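The lines below spell out each chain.
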Amino acid sequence: MKKILQKKNWIRVVCGLCFLIIALTGCGSQPLSDQFDEDTVKESAEQAVAYFNERDYQAIIDMGDDVLKENITVENFAAQCDPYLDKCGEYQEIEKTIVFGSTDKSTETEYAGIVMIGKYEEGTIQFTIGFDEDMKIVQFLIK
């Protein structure tokens, strides 16, 4: 009986490791497509973060694609973003930046993504910003 239990545990460990490997490789980011210039992606994201810090949410919306413009208002932005700015205090700098590419598998559309960690007086804010091929914002997330 003890050997059977040990075999079952071994099988569980192997299956768990296989699942973990599959999950990690499936979630990996891909390189930035040749359709994008990394410096342009960084500059555009830095501009969006500057607008965020100024609470100029309309400027961020204006940087967005048509879908973003149709689905968010300045009031929505303020309701979601102001508490972060109120809690974290004055902006200091961007501590870390990661640029990556992504593809919508159903449409084969290429996107550029960037994750930036902003340092503030009382904490950090993580920005995840996505751009389409026309460098319009398709995603602006904070955490």
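Check the entry above for the structure.
The structure displayed is predicted, hence computed values, not measured ones.

Chemist: Looking at this model, I keep getting lost on the sheet that holds strand β4 (residues 137-142). Mind explaining?
Modeler: Each strand in a sheet pairs with another by means of backbone hydrogen bonds, the pair being arranged parallel or else antiparallel. Pairing is antiparallel in the open sheet, where four strands are placed in the order β1-β2-β3-β4. Here the strands that pair on one side only, and so sit at the sheet edges, are β1 (91-104) and β4. Pairs of neighbouring strands in the sheet enclose a mean axial angle of 15 degrees, with direction left out of account. Where β1 lies against strand β2 (residues 109-120), 12 bridges are found, and the strand directions are antiparallel. Considered in β2, the bridge of S102 is made with Y111.

Chemist: Please explain the packing of aromatic side chains as it appears in this structure.
Modeler: Describing an aromatic ring pair means giving the distance of the ring centres and the angle of the ring planes. Inspection of the entire model under this criterion finds six aromatic pairs. Measuring from centroid to centroid gives 5.1 Å for F52 and F127, while their planes differ by 85 degrees, and the two rings are edge-to-face. Taken together, the positions of F52 in helix α2 (residues 38-53) and F127 in strand β3 (residues 123-131) put the pair 75 residues apart, joining distant regions of the chain. The two residues F52 and F127 agree in class, both being buried. Aromatic rings pair up to connect F52, Y57, F77, F127 and F140 into one cluster.

Reading the values: rules and limits
- Residues numbered from 1 in each chain as written.
- Predicted model: local features only at pLDDT ≥ 70, side-chain atom pairs only at ≥ 80, totals over all residues.
- Heavy atoms only, no water.
- Pairing = 2+ DSSP bridges.
- Helix = DSSP H or I, 4+ residues; strand = E, 2+ residues; numbered from the N terminus.
- Axes fitted to C-alpha atoms, helices over the stretch in contact; angles between N-to-C directions.
- Phe/Tyr/Trp six-rings, centres within 6.5 Å; stacked < 30°, edge-to-face > 60°.
- Buried < 20%, exposed > 50% of the residue type's maximum accessible area, 1.4 Å probe, protein only.

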